[in-house]
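What follows is the residue order along each chain.
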Amino acid sequence: MTDKPRYYVTTAISYPNAPPHIGHAYEAIATDAIARFKRLDGYDVFFLTGTDEHGQKILQTAAREGVTAQTLIDRNVPRFKAMAERLNCSNDDFIRTTEQRHYRSSIAIWEAMEKNGDIYQDKYSGWYSVRDEAFYDESETRLNEQGVRIGPQNTPVEWVEEESYFFKLSAYQQKLLDLYARVPDFVLPKERLNEVASFVRGGLQDLSISRATLNWGIPVPSNNKHVMYVWVDALTNYITAAGYPDTNSEKFKRYWPADLHVIGKDIVRFHAVYWPAFLMSAGVEVPRCIFSHGFLFNRGEKMSKSTGNVVDPFSLIDDFGVDPIRYFFLREVPFGQDGNYSHEAIATRINADLANDLGNLAQRSLSMVARQLDGILPKPGIYSENDKTILAAADAMIISAREAMKTQQLHQVLNQVWAVIADANRYFAGEAPWALAKTDPPRQGTVLYVTAEVLRQAAILCLPFMPTAAGKLLDLLGVPPGDERTFAKLGVGSRIAAGTKLPAPSPVFPRYVEPETSPATSPTK
RNA sequence: GGCGGGGUAGCUCAGUUGGUUAGAGCAGCGGAAUCAUAAUCCGGAGGUCGGUGGUUCAAAUCCACUCCCCGCUACCA
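Residues numbered from 1 in each chain as written. Chains lettered and ligands numbered in written order. Predicted model: local features only at pLDDT ≥ 70, side-chain atom pairs only at ≥ 80, totals over all residues. Heavy atoms only, no water.

1. Comments concerning the layout of surface pockets
Test applied: Grid spacing is 1 Å over the protein atoms alone, the probe is 1.4 Å, and a cavity is where that probe fits but cannot get out, while a pocket is an open set with protein on both sides within 12 Å along at least five of seven lines and lining residues have an atom within 4 Å of a point. Grid points are joined across faces, edges and corners, and a volume is the space filled by probe spheres set on the points. Segments assigned H or I by DSSP are reported as helices when at least four residues long, segments assigned E as strands when at least two residues long, and all are numbered from the N terminus. Side-chain classes follow a simple rule in which Ala, Val, Leu, Ile, Met, Phe, Trp, Tyr, Cys and Pro form the nonpolar group, Asp, Glu, Lys and Arg form the charged group, and the remainder, Gly included, forms the polar group.
By volume, the second largest pocket amounts to about 250 Å³. Only α1 (22-40) and α14 (385-405) provide two or more residues apiece to the lining of the second largest pocket. Across the lining of the second largest pocket, the residue classes tally to seven nonpolar, one polar and seven charged.

Have a look at this one:
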């Protein structure tokens, strides 16, 4: 094993009763950027994603389509895997809750909770929403215009009355509140922790954690007539992948507890209340942080089939490319808040930030090196005040980036990098190296060197966000792959090597040009 | 109903220990430059800072009331 510090980060596992949508893609992109950032910053990262394949909703979708649950997931899960690959996600594992290792793990955590006296059998009766996979108190439900009883999410609920196993969630109220007090960053953004804490403060009821009326799930160990409530099963994936129940294994000892669960804001309660309670009960450490991201809206509207604004992540990538799409979502949407996207907004971002600001700066400076200096990166002379100022700004980027990443502020990292790129464009225009070529060649060399150095640091910081494109830019700058492309090489201590023969420059971030055919984000009725 | 967040330029937003002409990006207008991916740089323009009333020499920033949006939560039914 390595002596690097470790970092275990997960996405939520996706529910494959339908093909992946933009929200799944967003979560995967963001988590991948975090994982890559940490790797480049010297961490031994374990990045997990996967699919949550049990539960009544899968069963119902399968029935509606006239296939078995197994057939449904075997058809859909590969699309989630393909999406992760297409998004260039660097996940180290992809867990499916139908795997043997996960059965073993789920049964083990159940038995541990049972052994701790937190599971008991009782009769359950109440309102259950299949779509939300949640039980609601009658007071949370109401009758809609059609006379159908619906829950708080406006999904239909059904009266369920059956034998069920319960988890003594009520016993964990104080322990959870203590946890929130002890770890103020347990849930981010902070507003979300306040919401969770006030929910817990309001009192917790025991949780029904098994169902006897369906068979698509992991059997309860002591009673095979029951399967586990899908959330017990789903949440457990995070420890399964770390090797649970082999808590003495090297892997488990190394990676658990997870450093970060990245989830959507709709499932905060499950992750910030139920999950730590299950773990405390089972005698397993709780994760360190839950980060809840926002939702994405297409032109301000929630994506839905009825509005006809469903956007397939694959076609978005076909239209714009993987790296530009990754950049757009991570730059445009403050991480943790809801965000908007549209075809025009994506095109504008790509052209303004990537093609014009960064790409063009690289192209204009490097083509000067290629044409006027035989492609040899010049040696700098004595630095002027302007040189020192822009270099200092470049050196400071990693400092502020690390600071922003402490709370997963991905957009801030990019904001700061692009502020320096804008400075670099002003610097370049102000120094006018094309004029210096005739009047003061050594000075021209210094300006081009300084520009290349700023580009180098910017490109390395872009690696987590746009792995391929940033890598190409580093190729153009003559920065060899490997250790030279890590955060250890950022800041005052490292400078780009002068005298290097650079390859012929070519645009790394092409402008987006509107195709003749209709764009993918336009409504398809 | 309670708690919390928010209403600032055409768009997206930043901006509170109250204090010179309220900021950025994008869009738009004018100019410069022409090394570069028709990219870049500079400049003007653009806002009764949700509304009303107050505190103050001075309020986007503090107080009261009020309108609207969003989140969590409760209750009634």
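2. Describing empty space enclosed by the protein
Unfilled space is identified by rolling a water-sized probe across the atoms. Tallying each qualifying case throughout the model produces two cavities of 30 Å³ or more. A volume near 70 Å³ is recorded for the largest cavity. Lining the largest cavity, in full, are His 54, Gly 55, Gln 56, Tyr 128, Arg 211, Leu 214, Trp 216, Gly 217, Val 227, Met 228, Tyr 229 and Val 230. Residues of the lining of the largest cavity, tallied by class, amount to seven nonpolar, four polar and one charged. Lining the second largest cavity, in full, are Leu 366, Val 369, Ala 370, Gly 375, Leu 476, Leu 502, Pro 503, Ala 504 and Pro 505. Among the elements that make up the lining of the second largest cavity, the one with the highest residue count is helix α13 (residues 343-372) (three residues). Its residues placed into classes, the lining of the second largest cavity shows eight nonpolar, one polar and no charged.

3. Examining unusual backbone geometry
Omega for the peptide link from Leu 188 to Pro 189 comes to -10°, which places this bond in the cis form. Along the chain, the position of Pro 189 falls in the loop between β9 (187-188) and α6 (190-201). The step from Trp 256 to Pro 257 runs through a cis peptide bond, and the omega angle for that step is 5°. Within the secondary structure, Pro 257 sits in the loop between α9 (250-255) and β14 (260-264). A positive phi is found at Asp 374, a non-glycine position, where the angle reads about 55°. Despite not being glycine, Gln 408 has its phi angle at roughly 60°, a positive value. Checked against the element boundaries, Gln 408 lands in the loop between α14 and α15 (410-431).

4. What about helix α17 (residues 441-462)?
The cut-off we apply is this: A helix is expected to reach a length of 1.5 Å times the quantity of its residues less one. Burial here depends on accessible area, computed with a 1.4 Å probe over protein chains only, as a share of the maximum for the residue type. Under 20% is buried, over 50% is exposed, and the range in between is partly exposed.
Between its first and last C-alpha atoms α17 spans 31 Å; for 22 residues at 1.5 Å apiece the expected length is 32 Å, and the two agree. Most of α17 is tucked away, with 20 of its 22 residues classed as buried.

5. Side note on the sheet that holds strand β11 (residues 210-211)
Heads up, the condition is: In this description, strands pair whenever DSSP reports at least two bridges between them.
Pairing is antiparallel across the open sheet formed by three strands, whose spatial order is β11-β13-β12. The open sheet has two edge strands, β11 and β12 (219-220), and neither has a second partner. Note that β11 and strand β13 (residues 223-228) share two bridges and pair antiparallel. In the sheet register, Arg 211 faces β13, and the bridge partner there is Val 227.

6. What about the state of the cysteines?
Heads up, the rule is: Sulfur atoms of two cysteines make up a disulfide when they are within 2.5 Å.
This model, assessed by the stated rule, comprises zero disulfides. Cys 89 forms no disulfide, and the closest cysteine sulfur to it belongs to Cys 462, at a distance of 17 Å. For Cys 89, a relative accessible area of 13% gives the class buried. On the basis of relative accessible area, Cys 462 is assigned to the buried category, the value being 1%.

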